[in-house]
Amino acid sequence: MIYTKQPTESVDQPGAELCQSWHRLPQSWALDNVQALTRLRVVLDGLSNASLIAFMDRLLADSGVARPFLSARASYKHHHAREGGLLVHSVECAEFVRFTTLRQPYPVYESDLAVVGALLHDIGKIKIHDPAQTGCHIGVDYEALNLEVIAPHIRHLDSDWPEGGWALRQILAPYNGGKSFAPLLITDVVRYVDRLSAGADLRREYFRHLPGYQQCVRTEHGQLLARLKAPPEAQYSAVGDVAIEGVV
């Protein structure tokens, strides 16, 4: 297993004051997803690692990245396929990651890396789904575009914390395409929460207008989605959770 080396500075050390550009993002950029913008700020305020905070500060100070990140859709016809869906999906993934890593023996700096990786795991989609783009990125793997988007800013992370820059690239563009376990466990954590968030949104959208008795539906891509019927109410004894037949 490969471990990242602990950085030498955290935000509670002297000289670690940062601008936190995410608090200056206009709410209008988030369209109808102001709540998701608020949650983004909470997630980023929860970071402890100064190098990652500085990286995110520079990245979101770039309006060419921040504005489409807040307003673009996450897909055309799959999950979070609506304006602002990329922000909602990314924040949800970051929240899932923080919840997961805090309950495992991860060092705080690895948990922070996973959170940032979750926030940015689809950042390349601003090149695909932003109407301002010319279409030159159609057919290009969005994981490659992830690195293109962050390239002007990750060089500072490389300078501040080289292993952090390497690890973030591992999360955003894993070399094995998700076919096996990644070198870093936090990469697999981000993959997992990505599927969890996407699957939850698909089920919400496809079952929203269907009658309660319908348990299965297929997406436009032929993917089968299912949900369970609620079980019949069981009567329980006063002590423990053992069901007793015939008790009313």
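Everything below is about the structure shown above.
Quick look at the structure, then.

Rules of the game
Residues numbered from 1 in each chain as written. Predicted model: local features only at pLDDT ≥ 70, side-chain atom pairs only at ≥ 80, totals over all residues. Heavy atoms only, no water. Helix = DSSP H or I, 4+ residues; strand = E, 2+ residues; numbered from the N terminus. Buried < 20%, exposed > 50% of the residue type's maximum accessible area, 1.4 Å probe, protein only. Contact = heavy atoms within 4.5 Å. Areas by Shrake-Rupley, 256 points an atom, 1.4 Å probe, with all protein chains shown as cover. Salt bridge = Lys/Arg side-chain N within 4 Å of Asp/Glu carboxyl O. Phe/Tyr/Trp six-rings, centres within 6.5 Å; stacked < 30°, edge-to-face > 60°. Axes fitted to C-alpha atoms, helices over the stretch in contact; angles between N-to-C directions. Parallel < 35°, antiparallel > 145°, perpendicular 65-115°, else oblique. Left-handed = near helix turned anticlockwise from the far one by under 90°. Nonpolar A, V, L, I, M, F, W, Y, C, P; charged D, E, K, R; others polar.

1. Overview of the overall build of the protein
A tally of regular secondary structure across the protein gives nine helices and two strands. Order of helices (α) and strands (β) in the protein, N terminus to C terminus: α-α-α-α-α-α-α-α-α-β-β. Here the protein, with 248 residues, has 44% of them falling under the buried criterion. Sequence separation of 24 or more characterises 58% of the internal contacts of the protein that already satisfy a separation of 6 or more. About 13,800 Å² of surface is accessible on the protein, with carbon and sulfur atoms providing 55% of the total.

2. Side note on the pattern of salt bridges
With the rule as written, the count across this model stands at six salt bridges. For the salt bridge of Arg39 with Glu95, the shortest nitrogen-to-oxygen distance reads 2.6 Å. Taken together, the residues span a long stretch of sequence, with Arg39 in helix H1 (residues 34-45) and Glu95 in helix H4 (residues 85-101) at a distance of 56 residues. One salt bridge connects Arg98 with Asp112, and the closest N-O pair in it is separated by 2.8 Å. Here Asp112 lies in helix H5 (residues 108-120) and Arg98 lies in helix H4, a separation of 14 residues in the sequence. Assessed through its relative accessible area of 0%, Asp112 is described here as buried.

3. Brief notes about the environment of Glu205
By the element assignment, Glu205 lies in helix H9 (residues 185-207). Given the relative accessible area of 33%, Glu205 is considered partly exposed. For Glu205 and Thr219, which are 14 residues apart along the polypeptide, the C-alpha to C-alpha distance reads 10.0 Å.

4. Quick notes on the packing of aromatic side chains
Per the stated rule, a full pass over the model turns up one aromatic pair. With a centroid separation of 6.0 Å and an interplanar angle of 80°, the aromatic rings of Tyr109 and Trp161 are classed as edge-to-face. Linking Tyr109 in helix H5 with Trp161 in the loop between helix H7 (142-160) and helix H8 (162-172), this pair joins segments that are 52 residues apart in sequence. For the residue pair Tyr109 and Trp161, the accessibility class agrees, reading buried in each case.

5. Section: the packing of H5 against H8
Remark: H5 packs on H8, axes separated minimally by 9 Å, with the N-to-C direction vectors making an angle of 45°. Between H5 and H8, the interaxial angle falls into the category oblique. Regarding H5 and H8, the two cross each other, and that crossing is right-handed. Listed contacts from H8 to Leu113, Ala114, Val116, Gly117 and Leu120 of H5 are Gly164, Ala167, Leu168, Ile171 and Leu172. A breakdown of the residues in the contact of H5 with H8 according to their chemical character gives eight nonpolar, two polar and no charged.

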